[in-house]
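The chain contents come next:
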Amino acid sequence: MLLEPMRSQLGVWRIERRPAATAWMRWASPLLALLLTAVIAAMLFAMLGKNPWQGLAVFFVEPLRNAYALSELALKATPLMLCALGLAIGFRANVWNIGAEGQFLLGAICAGWVALLDLASLGSVGLISLLLLAGMLGGMAWAGIVAWLRDRCNANEILVSLMLVYVAQLLLAWLVYGPMKDPAGFNFPQTPRFSAASVLPKLIEGTRLHIGFVVALLAALAAWLFMFRARAGHALQVAGLAPQAARYAGYSARRALWTSLLISGAAAGLAGAFEAAGPLRQLTPYVSAGYGFAAIIVAFVGRLHPLGIVLASLLLSMFFIGGELAQSRLGLPNALSGVFQGVLLFSLLACDALILYRLRRVV
Amino acid sequence: MLNALSRRALLAALLATAVALAGCGSKDDAKKADEKKAEAVKPDPLKIGFIYVGPTGDAGWTFAHDNARKAVEQEFGDRVKTSFVESVPEGPDSERVVRDLVGQGNKLIFGTTFGYMETMLKVAEETKGVRFEHATGYKSAENMRTYDSRTYEGAYLVGVIAGKMTKSNKLGVVASVPIPEVLRNINAFTLGAQSVNPKVTTRVVWINKWFDPGKEREGAVALMDQGADVLMQNTDSTAVVQAANEKGKFAFGWDSDMSKFAPEAHLASAIINWAPYYKKAVREALDGGWKTEHNWWGLKEGAIDVVALSDKLPAEVKALVEARKQGIKDGSFVIWRGPIVDQAGKVMLAKDQVAEDKWMHDIKWYVKGVQGAVPK
């Protein structure tokens with residue numbers, strides 16, 4: 001890529017592609033971005049009149065201080081991880097599903113619906129399996145609409161998936177204000193509490209961390225196997241990187257579209273089911289704290305690689321929790337965690353740009 | 001050459017930052033140590049935590065709560081130490097925040113939105129040594145009680161002003177969530193207006209959010225397009241008064257004084273003053289007497305008021321509002337006195353009957369004069 005040269009008193013400069021990007025830097029770049037974020041964060045703390053070390057400790061040490069804090073970190077990372085894994089598979093196939101938020105909500109709605117049915121006869125294991133399955137199917141159906149419209153009408157999947165987020169939010173609102181409303185809830189927008197049989201098994205007793213975290217880690221392993229060891233996963237990525245080569249190799253573009261959307265829908269739906277049956281225990285209009293959107297950042301910070309995504313989801317979860325702690329510990333505004341997310345993504349993009357390109361003086 | 005230079009520059013910048021950080025650290029630590037020495041002789045202050053659903057900002061619901069927190073600090077000085085966490089969504093995140101406040105040693109915790117109810121109840125049952133105050137909910141425990149304010153009194157009084165000031169006889173309400181509290185406010189607003197102007201009707205737009213400036217604005221514009229010339233809101237932002245200002249209509253501030261956001265449109269603000277209740281709660285937690293109860297405070301207790309009356313109001317309107325206010329305070333005037341009929345004309349409260357609190361908590365219908373249907 002050759003851009004218009006920049007002229008200044010220091011000469012004429014041009015941004016040009018490096019002949020070969022340093023391979024290890026591709027992985028070092030997220031770490032460098034993290035370091036830059038920490039430095040900028042420290043400067044921000046100093047500007048706000050706080051001790052920067054204390055500020056950094058609240059964001060990077062406090063969320064890890066004991067088993068309970070770690071369990072909360074993992075709990076918050078679970079939906080991010082699941083959503084981001086699904087998204088990464090789609091992004092690698094050049095299918096831009098940015099509506100994981102909507103698929104997440106559908107998963108929560110379907111799981112909640114099963115949890116509220118009178119199914120005690122199934123037993124706890126049966127009921128939980130059924131509601132998780134319902135969540136996955138709900139997310140798949142929502143993503144399936146996107147795939148169908150793209151397949152049939154060539155509708156842009158970015159727009160359709162985003163718009164369906166709002167439809168999902170309104171559907172949830174309609175349900176909790178209407179048909180699914182708790183009759184004993186004084187007209188407040190909420191369903192009844194889920195029955196005891198649907199309580200997810202805990203990983204650590206006395207915390208809120210449930211089996212969803214283990215499932216998310218297993219999903220990361222499965223995603224790795226799918227991406228790098230399975231023929232279908234390979235076909236998907238070829239379709240994304242070089243559509244014509246994929247066609248030449250006989251890989252179907254339609255199949256790539258459907259597979260990647262259904263997988264990401266299932267993953268987001270499962271995340272929603274875990275959130276509803278785990279910490280929420282009832283449906284309200286506030287099921288998601290924006291996990292589906294934050295997962296897009298997670299997927300990119302994690303380099304669209306399952307291992308990277310596991311780490312990135314924990315990192316973003318740390319920022320969220322750090323933001324809360326910074327308020328009660330240091331009296332800092334809540335907007336700070338959003339600023340950090342933005343700075344992290346920005347630094348990462350900047351690092352990436354400088355790994356792939358360089359500034360050169362031409363005159 | 002360039003590479004080497006830029007690397008060195010980067011390194012220098014990093015080092016400079018590190019040195020600056022180290023400097024800050026030691027200074028602050030020294031100050032801390034001094035403070036610690038001074039604190040050692042005093043008894044430990046009561047730590048109080050507040051959880052807010054929105055940003056503290058400069059107007060509205062959370063702003064009003066945070067003002068009361070500051071009033072508590074002022075009143076009790078170093079006997080208390082308060083902290084708050086803002087913008088905590090009504091969902092699973094609230095549990096971590098509540099637990100963390102407990103872990104931080106807070107012995108009194110205020111949760112200021114309905115959506116924290118289940119979370120607070122759960123944590124309250126597990127941590128008996130901590131007292132919980134939950135705004136607007138209906139579940140309580142041995143160490144958790146509820147409080148609320150009679151916002152309908154403010155709604156009624158601004159209704160009186162609206163009834164006098166409207167030219168089109170069409171009023172509008174930008175409403176949040178169709179729970180009894182909000183329906184009660186719409187009804188009180190309409191009754192207030194009808195008490196001085198029987199011809200008025202009220203139109204309602206529901207936005208299903210407590211704080212959403214964009215939707216609040218859209219709702220306000222839609223109401224004004226339908227001919228409403230005086231607006232009330234049961235939402236938190238200043239978007240409604242601002243929209244009315246742009247269109248040359250009238251509107252009322254809600255929860256806090258919003259006069260400065262709409263100098264032309266603003267007629268008055270129906271405000272909540274949480275300070276009297278917060279002071280009572282803190283005093284009881286400090287000195288004893290705290291027990292599970294439901295406190296529903298209004299004009300009489302100083303929890304509700306109508307303030308910042310515009311110069312545009314004729315003197316007789318101001319006097320009328322003042323008279324009704326006094327009447328409500330001393331009990332000589334009652335807002336919910338029969339006959340009160342619903343939209344279909346069905347008598348909901350018989351003639352001369354005075355409503356009890358339970359009746360008010362159960363309002364799921366509109367009074368006659370409100371148009372449209374209650375969302376199901």
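None of these values were measured; they are calculated from a predicted model.

## Thoughts on the overall build of chain A
Now for step 1: Across its full length, chain A holds 13 helices and three strands.
Now for step 2: Computed over the C-alpha atoms, the radius of gyration of chain A is 22 Å, within 12% of the 21 Å expected from 2.2 N^0.38 for a compact globule of 363 residues.
Now for step 3: Here the C-alpha coordinates of chain A stretch approximately 80 × 60 × 35 Å along the principal axes.
Now for step 4: Looking at chain A residue by residue over its 363 residues, the buried ones come to 53%.
Now for step 5: The long-range share in chain A, meaning contacts at least 24 apart out of those at least 6 apart in sequence, stands at 76%.
Now for step 6: Entry remark: accessible area of chain A is about 16100 Å², with carbon and sulfur atoms responsible for 70%.
Now for step 7: In chain A, the 26 positive side-chain charges and the 13 negative ones have mean positions that sit 11 Å from each other.

## Points about the overall build of chain B
Now for step 1: Within chain B, the regular secondary structure consists of 11 helices and 14 strands.
Now for step 2: A burial count over chain B gives 54% of its 376 residues as buried.
Now for step 3: Long-range contacts, defined as pairs at least 24 residues apart, comprise 64% of the intrachain contacts of chain B with a sequence gap of at least 6.
Now for step 4: For chain B, the computed accessible surface area is about 16000 Å², with 54% contributed by carbon and sulfur atoms.

## A look at the domain arrangement of chain B
Residue and element names in this part refer to chain B.
Now for step 1: Domain boundaries assigned for chain B yield domain 1 (46–149) and domain 2 (151–272 + 302–361).
Now for step 2: On a C-alpha basis, the centres of domain 1 and domain 2 stand 28 Å from each other.
Now for step 3: With eight residues of domain 1 in contact, the opposing surface of domain 2 contributes 11 residues.
Now for step 4: Between domain 1 and domain 2, a total of about 890 Å² is buried, with carbon and sulfur atoms accounting for 59% of that surface.
Now for step 5: At the boundary of domain 1 with domain 2, the tally comes to zero salt bridges.

## A few points about a nonpolar patch on the surface
Residue and element names in this part refer to chain A.
Now for step 1: Taken together, Leu203, Ile204, Val214, Leu218, Leu221, Trp224, Leu225 and Phe228 make up a surface patch of nonpolar side chains, about 660 Å² in accessible area.
Now for step 2: For Phe228, the location among the structural elements is in helix α7 (residues 212–229).
Now for step 3: Phe228 sits in the partly exposed class, given a relative accessible area of 32%.

## So, the nonpolar core
Now for step 1: Membership of the largest hydrophobic core comes to 188 residues, with the highest contact counts inside it found for B:Phe252 and B:Trp336.
Now for step 2: In terms of residue count, helix α3 (residues 67–92) of chain A provides more of this core than any other element does, 14 residues in total.
Now for step 3: Those residues in contact with B:Phe252 that sit more than four places away from it in its chain are B:Val158, B:Ile161, B:Ala162, B:Phe189, B:Val230, B:Leu231, B:Met232, B:Gln233, B:Val241, B:Leu267 and B:Ala268.
Now for step 4: Ranked by size, the runner-up nonpolar core spans 18 residues in total, among them B:Ile207, B:Ala244, B:Met258 and B:Phe261.

## Notes on the sheet that holds strand β11 (residues 294–297) of chain B
Residue and element names in this part refer to chain B.
Now for step 1: One open sheet accounts for six strands, arranged β2-β1-β3-β4-β5-β11; its pairing is parallel. With one partner strand each, in any of the chains shown, β2 (80–85) and β11 form the two edges of the open sheet. Recorded for the sheet is a direction-independent mean angle of 20° between the axes of neighbouring strands.
Now for step 2: Bridging between strand β1 (residues 46–51) and strand β3 (residues 108–111) involves four bridges; their strand directions are parallel. Counted as the bridge partner of Ile51 is Gly111 from β3.
Now for step 3: In the packing of helix α3 (residues 92–103) onto the sheet, contacts are made with β1, β2, β3 and β4 (131–135), and the angle to β1 comes to roughly 170°.

## Focus on the interface of chain B and chain A
Now for step 1: With 40 residues of chain B at the interface, the matching set in chain A holds 42 residues.
Now for step 2: Roughly 3600 Å² is buried in total at the junction of chain B and chain A, and carbon and sulfur atoms are behind 57% of that figure.
Now for step 3: Scanning the region where chain B abuts chain A turns up nine residue pairs in polar contact (both at pLDDT 80 or more).
Now for step 4: Taken together, the elements giving at least two residues each to the side of chain B that touches chain A come down to α1 (2–39), β2, α3 and α6 (180–196) of chain B.
Now for step 5: Ranked by residues supplied to the side of chain B that touches chain A, first place goes to α1(B) with 10 residues.
Now for step 6: A per-class count over the side of chain B that touches chain A returns 18 nonpolar, nine polar and 13 charged.

## Observations regarding the packing of helix α7 (residues 213–225) of chain B against helix α8 (residues 239–247) of chain B
Residues and elements named next belong to chain B.
Now for step 1: Following both chains from N to C, one finds α7 and α8 inclined at 40°, their axes separated by 8 Å at the closest point. Viewed along their axes, α7 and α8 adopt a mutual orientation that is oblique. Note that α7 runs across α8; the crossing there is right-handed. Residues Pro213, Glu216, Arg217, Ala220, Val221, Met224 and Asp225 of α7 form the contact with α8, whose own contacting residues are Ala239, Val240, Ala243, Ala244, Glu246 and Lys247.
Now for step 2: Broken down by class, the residue content of the contact of α7 with α8 amounts to eight nonpolar, no polar and five charged.

## Some points on α6(B)
Now for step 1: With 17 residues, α6(B) should reach 24 Å at 1.5 Å per residue; the first-to-last C-alpha distance of 25 Å fits that figure.
Now for step 2: Of all 17 residues making up α6(B), 14 are buried, and the element is well covered by its neighbours.

## Here we look at the environment of A:Gly135
Residues and elements named next belong to chain A.
Now for step 1: Along the chain, Gly135 falls in helix α5 (residues 123–153).
Now for step 2: C-alpha of Gly135 to C-alpha of Pro30: the two residues are 105 residues apart in sequence and 33 Å apart in space.
Now for step 3: When sequence neighbours within four positions are dropped, the list of residues in contact with Gly135 reads Gly107, Cys110, Ala111, Gly269, Leu270 and Ala273.

## Things to note about the packing of aromatic side chains
Now for step 1: All told, the structure shown has 33 aromatic pairs over all chains when counted by the stated rule.
Now for step 2: Taken together, a centroid distance of 4.8 Å and an interplanar angle of 25° make the contact between A:Phe91 and A:Trp96 stacked.
Now for step 3: The exposure class assigned to A:Phe91 is buried, which follows from its relative accessible area of 4%.
Now for step 4: Using a relative accessible area of 29% as the deciding quantity, one classes A:Trp96 as partly exposed.
Now for step 5: Following the ring pairs from residue to residue traces out a cluster consisting of B:Phe50, B:Tyr52, B:Trp61, B:Phe84, B:Phe110, B:Tyr147, B:Trp274, B:Tyr277, B:Tyr278 and B:Trp297.
Now for step 6: Here A:Lys76 stacks its cationic end above the ring of A:Phe320, 4.7 Å away from the centre of that ring.

The rules we used
Residues numbered from 1 in each chain as written. Chains lettered and ligands numbered in written order. Predicted model: local features only at pLDDT ≥ 70, side-chain atom pairs only at ≥ 80, totals over all residues. Heavy atoms only, no water. Helix = DSSP H or I, 4+ residues; strand = E, 2+ residues; numbered from the N terminus. Rg over C-alpha atoms; globule rule 2.2 N^0.38 Å. Buried < 20%, exposed > 50% of the residue type's maximum accessible area, 1.4 Å probe, protein only. Contact = heavy atoms within 4.5 Å. Areas by Shrake-Rupley, 256 points an atom, 1.4 Å probe, with all protein chains shown as cover. Lys, Arg positive; Asp, Glu negative; His and termini not counted. Charge placed at Lys NZ, Arg CZ, Asp CG, Glu CD. Domains from an automatic or database assignment. Buried area = accessible area lost by both parts, 1.4 Å probe. Salt bridge = Lys/Arg side-chain N within 4 Å of Asp/Glu carboxyl O. Patch = residues over 30% accessible without salt bridge, like charges linked within 9 Å, V, L, I, M, F, W, Y side chains within 5 Å. Core = buried A, V, L, I, M, F, W, Y, C linked by side-chain atoms within 4.5 Å. Pairing = 2+ DSSP bridges. Axes fitted to C-alpha atoms, helices over the stretch in contact; angles between N-to-C directions. Polar contact = N/O pair within 3.5 Å; in protein donor to acceptor, adjacent residues only side chain to side chain. Nonpolar A, V, L, I, M, F, W, Y, C, P; charged D, E, K, R; others polar. Parallel < 35°, antiparallel > 145°, perpendicular 65-115°, else oblique. Left-handed = near helix turned anticlockwise from the far one by under 90°. Expected span 1.5 Å × (residues − 1). Phe/Tyr/Trp six-rings, centres within 6.5 Å; stacked < 30°, edge-to-face > 60°. Lys NZ or Arg CZ within 6 Å of the ring centre and 35° of its normal.

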